[in-house]
Every structure is written in structure tokens, then in C-alpha cells.
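# Secondary and tertiary structure notes
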Amino acid sequence: MTKNKILFWTIIKAIMAIFMLYGGIQHFVATAFYWPFVPGFLPFKMAIIYISGFLEIAVGILLLFKKSQGVAAMALLVLMLVFLPIHIWDVFSETPAIGSTQAALVRLPVQLLFIAISWKLKKIYFT
């Protein structure tokens, strides 16, 4: 891989780490925002919100360190795949958690982009 590509993916990895850290922290400071995202049929909604926030923070931190970036890249991919059904569910919901069907339709391709980025980071860093 060329130096430019290495730099590019290092920057993308840092951006993803920042997204994970910010999103994870938000699970604790804006808990009510995440409540509608947890499907009603799941028990222990608050625990799910806190656990997913903790996992996002952990992945964000681990992405920043060379020794853990491979495992973090794999964990990021798994998280993005686990969150995908929630985004799909939101698109078809009568009252999307994100606020509107249009917003849910925009968020779904963004999630797919995050999955693609996570896949690439896994390929680069998970050996």
C-alpha cells in the first residue's frame, strides 16, 4: 500500500474512532434520544442503550492504538452489522426513531457506508 493510501486509511480510522467515542458517550448523556431506537420487543432497553454505548466507546478507544487496532476494526465491523437491522427496521416503522422516514432513508445508506469502511479497516488492520 502506498504512503498516501496508508495516510488516507489512518485518517478514516481516526474519524471512525471519533464517531464511536462521540456516539458512545451520547448513549450516557442523552439516553432518552436512544430509547426509541431499541425495538419495543426487546427487554432491558436501558441496559441495551448503556451496553451499546460502552461498546462504542471501547471500540473507539481501541481503534486509536496500534496494538489493538486490528481487534477494534473487527469489532467495529461486527457492531455496524449488528446495528444494520435497527436502521432497516426504522425505515419501515410508522414512526421512525430518527424522526422521519426521509431521515431513516438517508441514515440507512450511511450505515452501509460505515459497514464498507469497517470491512476495509478490518482487511487492513486485522491480520
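Everything discussed here concerns the structure shown above.
Residues numbered from 1 in each chain as written. Predicted model: local features only at pLDDT ≥ 70, side-chain atom pairs only at ≥ 80, totals over all residues. Heavy atoms only, no water.

### Looking at the overall build of the protein
Within the protein one finds five helices and zero strands. Mapped from its N terminus to its C terminus, the protein presents α and β elements in the order α-α-α-α-α. Taking 2.2 N^0.38 as the reference for a compact globule, 127 residues should give roughly 14 Å; the C-alpha atoms of the protein span a radius of gyration of 15 Å, in line with that estimate. Counting only residues that meet the buried cut, the protein has 41% of its 127 residues in that class. If you take every contact in the protein between residues at least 6 apart in sequence, the share linking residues at least 24 apart comes to 64%. Put simply, the protein shows about 7800 Å² of open surface, and 76% of that area lies on carbon and sulfur atoms. (Helix = DSSP H or I, 4+ residues; strand = E, 2+ residues; numbered from the N terminus. Rg over C-alpha atoms; globule rule 2.2 N^0.38 Å. Buried < 20%, exposed > 50% of the residue type's maximum accessible area, 1.4 Å probe, protein only. Contact = heavy atoms within 4.5 Å. Areas by Shrake-Rupley, 256 points an atom, 1.4 Å probe, with all protein chains shown as cover.)

### Observations regarding the packing of helix α3 (residues 45–63) against helix α4 (residues 69–92)
In contact at an axis separation of 8 Å, α3 and α4 are set at 145° when each is read in the N-to-C sense. Judged by the twist between their axes, the crossing of α3 over α4 is left-handed. For the pair formed by α3 and α4, the contact residues are Ser-52, Leu-55, Glu-56, Val-59, Leu-62 and Leu-63 on the first element and Gln-69, Ala-72, Ala-73, Ala-75, Leu-76, Leu-79 and Phe-83 on the second. For the contact of α3 with α4, the per-class residue count stands at 10 nonpolar, two polar and one charged. (Axes fitted to C-alpha atoms, helices over the stretch in contact; angles between N-to-C directions. Left-handed = near helix turned anticlockwise from the far one by under 90°. Nonpolar A, V, L, I, M, F, W, Y, C, P; charged D, E, K, R; others polar.)

### Describing the pattern of salt bridges
Pairing of side chains with opposite charge becomes possible as their charged atoms draw close. Tallied over the entire structure, the rule returns one salt bridge. Put simply, Asp-90 and Arg-107 hold a salt bridge, and the shortest N to O gap is 3.4 Å. Taken together, the residues Asp-90 in helix α4 and Arg-107 in helix α5 (residues 101–125) connect sequence positions 17 residues apart. With a relative accessible area of 0%, Asp-90 lands in the buried category. For Arg-107, a relative accessible area of 15% gives the class buried. (Salt bridge = Lys/Arg side-chain N within 4 Å of Asp/Glu carboxyl O.)

### Let's talk about a nonpolar patch on the surface
Together, Ile-25, Phe-28, Val-29, Trp-35, Met-46, Tyr-50, Ile-51, Phe-54 and Leu-55 make up a nonpolar patch on the protein surface, roughly 860 Å² of accessible area in all. For the nonpolar patch, the elements supplying multiple residues, two or more each, are α1 (3–29) and α3. The element that contributes the greatest number of residues to the nonpolar patch is α3, accounting for five residues. Following the sequence through the fold, Val-29 ends up in helix α1. (Patch = residues over 30% accessible without salt bridge, like charges linked within 9 Å, V, L, I, M, F, W, Y side chains within 5 Å.)

### So, the nonpolar core
In terms of nonpolar packing, the biggest core is built from 23 residues, with Met-16, Leu-63, Leu-76, Met-80 and Leu-121 touching the most fellow members. Mapped by element, the contributors of at least two residues to this core are α1, α3, α4 and α5. Those residues in contact with Leu-63, other than ones at most four positions away along the chain, are Lys-13, Met-16, Ala-17, Gln-69, Ala-72, Ala-73 and Leu-76. Phe-37, Val-38, Ile-49 and Ala-97 belong to the second largest nonpolar core, which has five residues in total. (Core = buried A, V, L, I, M, F, W, Y, C linked by side-chain atoms within 4.5 Å.)

### Description of the side chain of Ser-52
By the secondary structure assignment, Ser-52 is in helix α3. Here the side chain of Ser-52 touches Ile-49 through a polar contact of 3.0 Å, landing on its backbone oxygen. (Polar contact = N/O pair within 3.5 Å; in protein donor to acceptor, adjacent residues only side chain to side chain.)

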